[in-house]
Every structure is written in structure tokens, then in C-alpha cells.
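Chains, contacts and geometry: an overview
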Amino acid sequence: MVPLHPVPGSPLEPLRSGVKQCSLEVKVFVAEPLLTTAQILGGNLLKVTLEAAYSVPESFVPVGPMQNYMVGLQVPSAGEKDYPILFKNGTLKLGGEREPVPRPKKWPIANILAPGANYIPDSFIVGGPYEEEEGELNRPEDKEFRNQAESIKKRIIWDLESRCYLDPPAVVSLQKRIADCRFWPVEITRVPLTTAPKGKAAKFDKADDEGQLSFHGVAYVNMVPLLYPGVKRIRGAFHVYPYLDSTVYEKTKCLFSLFRDTGHLLTQNNKIGGFNSPLSKPIVSKNLKEEKTVKEKELEGRLRPGDLQAPSIKSQSSDTPLEVEPSPSHNPEGQQYIEAGTYIVLEIQLDRALVPKRMPEELAKRVKEMIPPRPPLTRRTGGAQKAVSDYHMQIKNISRAILDEYHRMFGKQVAKLGNNMDSETVEEQKCLLSYELNCSGKYFAFKEQLKHAVVKIVREKYLKTTPFESQEELQTFISELYVFLVDQMHVALNQTMPDDIQGAVSTIYTSSEQLRLFAFEAEVNENFEMAAVYYEERLVREPQNLEHWLDYGAFCLLTEDNIKAQECFRKALSLNQNHIQSLLLCGVLAVLMEKYEQAEIFFEDATCLEPTNVVAWTLLGLYYEIQNNDIRMEMAFHEGFKQLQARTLQAQVIKQRSTGPFEYIEEGGKVDEHSLGPWGITNGSSATAMKAETPAGPGAPTSILDDFLEESSKLLSDSQEHILPTQSQDPTVSQKPSNILLKEIPVEKETSKCQDSSTFLHPSPHGVSQTPATIFMETIRFLMKVNAVQYVHRVLAHELLCPQGGPSCEYYLVLAQTHLLKKDFAKAEEYLQHAAQMDYLNPNVWGLKGHLYFLSGNHAEAKACYERTISFVVDASEMHFIFLRLGHIYLEEKEYEKAKKTYMQACKRSPSCLTWLGLGIACYRLEELTEAEDALSEANALNNYNAEVWAYLALVSLKAGRQVEAEQAYKYTMKLKLKDKALLAEIHTVQEAVGFGNPSF
């Protein structure tokens, strides 16, 4: 049932305003299916919607001769010729108001007299945000121009949708043509109309030359997004340029113009405005071949003056030739499109994507096949620990009951005698108590009460559930069990009734974050064995915490143990298969280990789970670059730029709505580290807009890419979009170190052999000026955070060539960081000089310069750089090791007061064994023995395996005259093999002076 639309003057017209509308029942029968199953599965349906051309030239006026505004493009087919799609009879409007949305689309059929009959049912133009379009005018700076053009400027409206069936060979041809040409020419022109004599319908006057093309322009539509996986539709605004043969051929490899070269048929006889009927004859004439020859010669630069003649092409229905443009290389009328800023809004839609996209369910299934999920183990109600704790509880209950019985029997006597009770009285009371318990049956009741707890210990702890094979085996087990039960009884009694003489030893509990800091301090000291101990301690405490596995995996990447790193990342992913960072790191390890199929699955799954993740799209693009898949690489980078742009705009809106700037620095200068977890690097909100960096000066190095451009494939420079300079680094990026491998420092400097991993890797998130973030710089931060330096070199090449990137302060800082990894101090210093030129007030630059001089042995320069760093109002990204190393230099130069103040700042920010040790040394040298002992005790509580801490504790005890403590501390100093010979000699000197402290004397 289809509605009937009455034409003006029809008897049905009065019913238009009524409730009911006449309908027509239509039935269509065919003898056999039009398409086979193979054609249905392999074919496709192409829909092209031309909405409008906006901001047309001022010379377009509605008065004067009637004009036919036409737009056309060609669709590849399996044969030699293409199918033209034409949009005719555009309506010129003067503007003044925006076109309404949604508005219905129209059939491309002319001369439909009934109003409303030309609308396609249930098909509308709905518009959408400019930022989500795939065209050329989708940047934020284009928004104002488009608003003006689509509201107050002249426009030509078509609102036509043309449809074309593509059989399987045509689909293959379309894919190949898009891959080869990328850009598609969409032509626009104006053809004058004349009115036929009265009594005849309006048509082209075949006797006039008014069919000459005018204002011949072309828009270049990037069709590559249709080759992206899962993409079925592209819509956008595209600039109109003058039609010039050489330019069109250069961009689209197209030799012929749809309007000019294929004859009068397209401009006059194509009444339906769709595509050519297969029955129409191809228009290939001698003149056309001559023009092709001329065109080819022109493009080859061999065109002679006599070769250029204006060819004419005759229509099938007319002998009158259609004149062509006067000069293929000059188009003054088309130039007006550029001056007016004309653009067309076009939509191309397919029924099915040319490249199918893997469904998220399939990707999740593949990930589960590679890494089976491991849910947390359910807590058992039993177990050995539970059995022992139940035994302790029963012992406590029985001991209380016995004490109550004792007080009932001897309470008055004990109160009377007090502490004057002799051993005989105590023994007599014990015998009487045992007699009373046995006679009253309480002893057997206590034994039965304890029996169940003992049975649980036998079963759960000793795993004895079967009969013993011999009496000897039984006696041996009973003896072992008895010893254990007595020991545990004493433990329980001491917990209930602690000894007043010997106090319980206090346990210093270190948090997970403290262990992480200690592990990193060991990393930068190149004490990887101790660092592994700390990381493994975190895993033992919380084996279900995936962040601990990620940190340990990053440490394994630092030590180049890729197999163990892969195990850690996969373990983290098994705990939560939707964790984006775990997926990305598994993908990175798969690439490093050349398991590319697995890498693609990990990266694709990450983009499906979190489509807004910029790093995921960038890593996917880098993977496609390795595979030499330029189209998909462009797709991934394009999506990454789009997501970054959207996030930037959102940050701008949040900033404008907020009452004040984002606060990152708390009272006392501490950074708020609780906003996100250490692995929330890509999901955080953007910070305030940062000051844009100035471009590199004439002195910028030209050989930066020498080390890593060989790894980079051909980069796309003409399809990447502009990103607003407002995206700043996530505040949590600098919390996780990136682990620079440092030069080995002499043993006597052990207290300060340290460097922060993320120190000066990233610009400070606390207001330090930085360049606008790009998708590549965000990816660099992520990769440096996890020590994937091999990947960083490839991304640095992209950052350098990116239109929104290029040499920046942060770029040079990362380069310096990578060269410090290789201990190439000369190169690192060169890049730091460039970084300082670009942002002289960046504390990260001076901090990294201080580390460079410290590692190279120039402590005087290092001291100056460190002092400059801590004098800035804004802190560097990580101050912990700056304070440690500056304090060490002060100790070397015997500036003990400055060293004390410096180490105290470090202890307030992030206390560790090294910070307390430095403070203790400074206080000892100032002869503040009480403060020194307190600081050294804190250091010893955090790490009682540090020989230097024990050495200074021995010195303090010797100075304080405490022989036992001095000998104990000296014993552990020697047991832990103190390597600082000068410090050991100082201990021996003091021991000789005081006369004690060395039991071997």
C-alpha cells in the first residue's frame, strides 16, 4: 500500500487536508529472482545523497536566464566504463535562514507534478555535529564559517538520493579503485536553460550554444574511510575547486570529465538523474580519442601549440556539438568557487561495509582463548591458617576458664600475700588446682573442647587423613604434633597474657606504594635483585591486584626479560579481560616478540572496549604501519586524532564552566595523587590549557631522525586533522617511573645512587608550559612509563613529522631520556640544550640536566641545576631523587645544614630508607646524636638489610656509650658486608677511641 499524492487541480486534492489519504495497492511479481544468492551476498547497494552547495559565488543570481545546477560523479563498474550518477535541477536560494533538519530526501526523478510524491518514504537528512564528519571542514576553526555559510549565504539545494546496485565484480572494482586513487572527483557545473515555444514543455534548446558548461568545479572526496573495517557511511563537507585537468588527474588519476567529455547525453538526455542505463550506447568517438591524446600529451609535458584544438562531442539525439571549456588549464569561472569558499555536503552510504569488522564478541572470545580468565579464588572457610587460629581461640578460652577457677580457689590468699608468695606455696596451689579440675570433670571437658581444634590441625596442616602404617610412624608424628601444639599454646598465651618484662616487638607495616617506591629506588641503583624482591613482595601480599602485575611486567621490560614481562601482562589480563592497559601491553609484547596476529587482536579489542582511548588507536595504527597497511594505519590515526580533539573540546567546556582553574598543587606544594590510580593514564580528564611552545629556531638539529627514521614507514601527512592546543598530560602519568638505567655509581655514594624514572620524562602536570598534546606524544608517555623504549623510537618519528607535533620541549626531553638509557651523555646534553632553548623556565629540563651532570661526575654543575630546579615555584614532575642527589652532594661538600634541610623535605614528601639515612648522616655529622638515632631507626625499620644504616647506628651507639647496641649494630654491618671502606675505617677508629664496640678485639 502506497499513498496517492494528488496533483494540483485533481478531485483528490481536497482530501489532502482530511484525515484519510487515498492509497494504492501495488503488487510486483517476477518469474524468477532478479539476483542469485551469490549476487546478494557479494553485491552491495550504494546510496549517494547530495544535500547542498553552500557559500556559492555571488554571480549566482535567481533572476535572468534559468540555470540547471548539476553535480555528478562516476561509480566504477566491472567493465571498462563507469556508471555516472547525476544530480540535476538544484534550487538556488538566497539564504537568510538555516535549512531545517530533519528534512526528507527526494527521488532523483524529474517532472513529478504531485507535491510530496518526490519524497522518499522514511528517509531523512538529519545533519549532525561538524566534528563527527569525515569531510574537510570539520575542524573547530571551521565552525564559525560553516554557521555563516549555512544560514546567511547563498546556497544550492538538491536533497536528492541516488541509488545504485553493485554486483560482486563492481564491488571488487570499487574497492580497488578506492585503494588506487583514494580521492573521488565530484563535479559541479551550471548549464543554461531556455524555454521552448508556447505549448511545449521546457527543455534544452538544441539549436543554441547555451548548453556550454559554465562554473565547472570539482570536489575531491576522500573515499578511503569506506575501506576502514565496519565503515558503511561517510558524510561531510568538501571544498569546491576549479576543474583543471592536470590537477584532477594528479589527485584522482581520472582523465575524463563527466560533463565535458562524455557528451550531451549526460547533460540533456538523462531524465532520471540516476545512472546510465546498461542499454545506452557508450559515447566514444574520434573526437573523444583525440582529446584523450591531447590530455595525455599535456600531462606528459609534450603538448605542442598545434595539438590543442577544441573538440566537439555530439549527442546521440542531436547533431549540435556541446562546446567544451576554452582552456583545460585555466578556469576563471571555477576560480570563483575558491574565492567564495564554496563547499558541497555529500553523503555516501553502503548497505554493507566493504571491509567487515570483527565483532567485539569475536575479539573477546579470541582473547579468552589465548588468555583464559582466572577469577579470584573463593576464600575457604577451612584451611591450615583457620585451623591454627581456632586452636589459639580454644586455648584462650580454656586459659580464661582456668584463671577463673584459680581466682575462685585462691583469690583471697593471693590478695593477702601479694608478691610475697614463695615457690612452695605456688606449687601447692598448682597441685590443688589440678586435683580440683580432675575431680570436678572440668579437665576432661577442657580436653574435649580442645580435641576438635587439634583434629583440624592434623587434617589441614599436616594433611593426615589416613591410618598410620606403623607404630613408629605414629609415635614420630605425635612427638612432632606435641611440639607444635605446645609452641602454639605459648603463642596464644603470650597474646592473652603478655610478659611484662619483655615487650612485644612492634611490626612496621609498609604499604604497597612504599614497596613500589623502594623497588624503584633499587631499580635506579641497578640493584635489580632487590627491586625484584620488592615487586614480588607486593604480588605475594595482593596476588589479585593487576596493577602489581603491570608494575612487575614493566620492571621485566627494563631488564629485557620479555618472556617474564609477557607472563606478567597476561596474568593481569586474566584477572580483568576488560582492562585496557593490560590489553595494550599484551599487544606491545606481542609485537616485540613478532606475534603479529595476536597483537592485532589485543589492539582491536582495546579499541572496541574503549573507543575513546587515544593510545589504543595510536598503537593500532603503529601496528598497521609495521604491516604496511597504509589505509588502516590512516584510519586508526584519524580516529585517534578525532578522539583527542573531542576530549580537548570537552576539557575546554569544563574549564569554561568551572569557577577557577584546575588545582593540582595542594597546601605545602604536594601533588594530589588520589585523583586516579597509577594505571589510569589515558582515561583521565584533561587539564587546563598550557602555553604553546615556540617552533624550533634555525639552530634546530637536522639529524634528529638519524637513529630511528629507518624504522618508520611512509607517513601520512595530508589526512591528519588539527588538534587544539589544550590537551595536557594526565596528572597521574608521572607517578609511575620510567626507569632510566643509570651509570654505575661508586659504592661510597650508595646512599644517593638514584634517579627518577619519570623525572623529566614528561612535562610537569602542575602548570609547566608544554606543547599541545598529540596522539603520538600521549603514546610516548605511555610507552616510556612501561619501559617499552623500542617502540618509542618509531613514535618519535611520527611526532616529529606530525603537523601538530614537531620538535618541542617535551620531544627533546624524551630524546635525552632515550640517550641516557644508552649512556650517551653527549647526545643527551645536546638535546637538553635544545629543550632549554624552547622552554628555559621548565623545571624538568634543569632537573634532567642535573641528573646528566651527576651521572657524568660533574657534581658542581649538577648541584647548580638541582638548586635551580627546587627554586622554581612549580615542582618538576618528580622531586624525590632530586632531593636525594642534592643532599648527597651537600654531604660530599660538608654542607651538613643544607643536607639536613634537603633530606627533611624528601622525608616529608616520600619517606624511604634512603631519605631517612641521608637525614641521619647529616644529623650525625652535626653531632645531633638523638635526631640521628631517630632518623636511622626509621631507615632501619623500612629496610633492615642496608649495611650503611647499621654502620651509622654503630657510630651513634659508640658516641653515646652504649656497648651492647654498638656491638650489635657492628655485627650486622659486617654480616651485610659493608663495601664503603672509608666508613668502615671510621668505625674502627671510633671503636679504638672508646675502647669497645668490636667483640673481636
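These figures come from a predicted structure and were not determined experimentally. (Residues numbered from 1 in each chain as written. Predicted model: local features only at pLDDT ≥ 70, side-chain atom pairs only at ≥ 80, totals over all residues. Heavy atoms only, no water.)

Details of the overall build of the chain
To keep it simple, the criterion reads: Strands are runs of DSSP state E lasting at least 2 residues, helices are runs of H or I lasting at least 4, and numbering of each runs from the N terminus. Think of it in three bands: with a 1.4 Å probe and only protein chains considered, a residue is buried below 20% of the maximum accessible area for its type, exposed above 50%, and partly exposed in between. Any two residues whose heavy atoms approach within 4.5 Å at even a single point are treated as in contact. Accessibility throughout is a Shrake-Rupley quantity obtained with a 1.4 Å probe, and a residue counts as covered only by protein chains that appear here.
Helix and strand counts for the chain come out as 33 helices and 15 strands. Within the chain, buried positions represent 49% of all 1001 residues. Counting only contacts in the chain whose residues sit at least 6 apart along the sequence, the fraction spanning at least 24 positions is 73%. Surface summary for the chain: the accessible area is close to 49300 Å², and the carbon and sulfur share equals 54%.

Regarding the pairing of strand β11 (residues 214–222)
Here is the rule: Two strands qualify as a pair provided DSSP detects at least 2 bridges between them.
Across the nine residues of β11, nine count as buried, placing the element largely inside the fold. Looking at chain direction, strand β10 (residues 183–192) and β11 are connected through seven bridges and run antiparallel. The partner of V186 across the bridge, within β11, is A219. As paired elements, β11 and strand β12 (residues 233–242) share three bridges and run antiparallel to each other. In the strand pairing of β12, V218 is matched with Y241.

A short note on helix α17 (residues 580–592)
This is how the line gets drawn: What a helix is expected to span follows from its residue count: subtract one and scale by 1.5 Å.
The terminal C-alpha atoms of α17 lie 18 Å apart, and with 13 residues this matches the ideal 18 Å at 1.5 Å per residue to within 8%. Of the residues making up α17, those classed as buried are I580, Q581, S582, L583, L584, L585, C586, G587, V588, L589, A590 and V591. Positive backbone phi, at 60 degrees, marks E594, one or two positions downstream of α17.

Here we look at the packing of aromatic side chains
Basically, it comes down to this: What counts as a ring pair is set by centres within 6.5 Å for rings of Phe, Tyr and Trp (its six-membered ring), and what kind of pair is set by the plane angle: stacked under 30 degrees, edge-to-face over 60, tilted for all other angles.
On inspection of all chains with the given rule, the structure shows 27 aromatic pairs. A ring pair is formed by F60 and F215, whose centres lie 4.8 Å apart and whose planes are at 90 degrees; its orientation type is edge-to-face. Highlighted residues: F60 in the loop between β3 (44–54) and β4 (67–75) and F215 in strand β11, separated in sequence by 155 residues. Comparing F60 with F215, the two get one shared label, buried. Ring plane angle 35 degrees and centroid distance 5.2 Å describe the contact between Y535 and F555, whose orientation is recorded as tilted. With Y535 in helix α14 (residues 528–541) and F555 in helix α15 (residues 546–558), this residue pair connects regions lying 20 residues apart in the sequence. There is no split in this pair, since Y535 and F555 are both buried. Through successive ring pairs, a cluster of aromatic residues spans F60, Y69, F215 and Y337.

Considerations on the packing of helix α28 (residues 896–909) against helix α29 (residues 913–925)
Convention followed: Axis definition: a line fit to C-alpha positions, over the contact stretch in the case of helices; interaxial angles, taken between N-to-C directions, run 0 to 180 degrees. Orientation labels follow simple angle bins: below 35 degrees gives roughly parallel, above 145 gives roughly antiparallel, 65 to 115 gives roughly perpendicular, and whatever is left gives oblique. Left-handed describes a crossing whose near helix is turned anticlockwise from the far helix by less than a right angle; the clockwise case is right-handed. Residues are grouped as follows: nonpolar covers Ala, Val, Leu, Ile, Met, Phe, Trp, Tyr, Cys and Pro; charged covers Asp, Glu, Lys and Arg; every other residue, Gly included, is treated as polar.
For the pair α28 and α29, the least separation of the axes is 8 Å and the interaxial angle reads 155 degrees. Taken together, the axis directions place α28 and α29 in an arrangement best described as roughly antiparallel. Of the two elements, α28 crosses α29, and the hand of that crossing is left-handed. From α28, Y896, A899, K900, Y903, M904, A906 and C907 reach across to α29, where they touch L914, T915, W916, G918, L919, A922, C923 and R925. Here the contact of α28 with α29 is built from residues that sort into 11 nonpolar, two polar and two charged.

Section: the confidence of the model for the chain
Here is the rule: pLDDT measures how confident the predictor is about each residue, on a scale from 0 to 100.
Averaged over every residue, the pLDDT of the chain is 77; the share at 70 or more is 76%. Throughout residues 198–211 the model reports pLDDT below 50, and contacts reaching past four residues in sequence, or to other chains, amount to 22 contacts. Counting contacts from residues 661–678, a segment whose pLDDT is below 50, to residues more than four positions away or on other chains yields 32 contacts.

Let's talk about unusual backbone geometry
At the junction of V101 and P102, the peptide bond is cis and its omega measures out at -5 degrees in the coordinates. Relative to the assigned elements, P102 resides in the loop between β6 (91–93) and β7 (103–106). One non-glycine residue with positive phi stands out, namely R182, at about 65 degrees. Looking at the element boundaries, R182 is found in the loop between α3 (168–181) and β10. Accessibility expressed as a relative area gives 21% for R182, which makes it partly exposed.

A look at the environment of Y791
Relative to the elements of secondary structure, Y791 occurs in helix α22 (residues 789–801). Between the C-alpha atom of Y791 and that of I780, which follows or precedes it by 11 residues, the distance is 8.4 Å. Setting aside anything within four residues of it in sequence, one finds Y791 in contact with V588, V591, L592, F603, L619, L622, Y623, I626 and L783.

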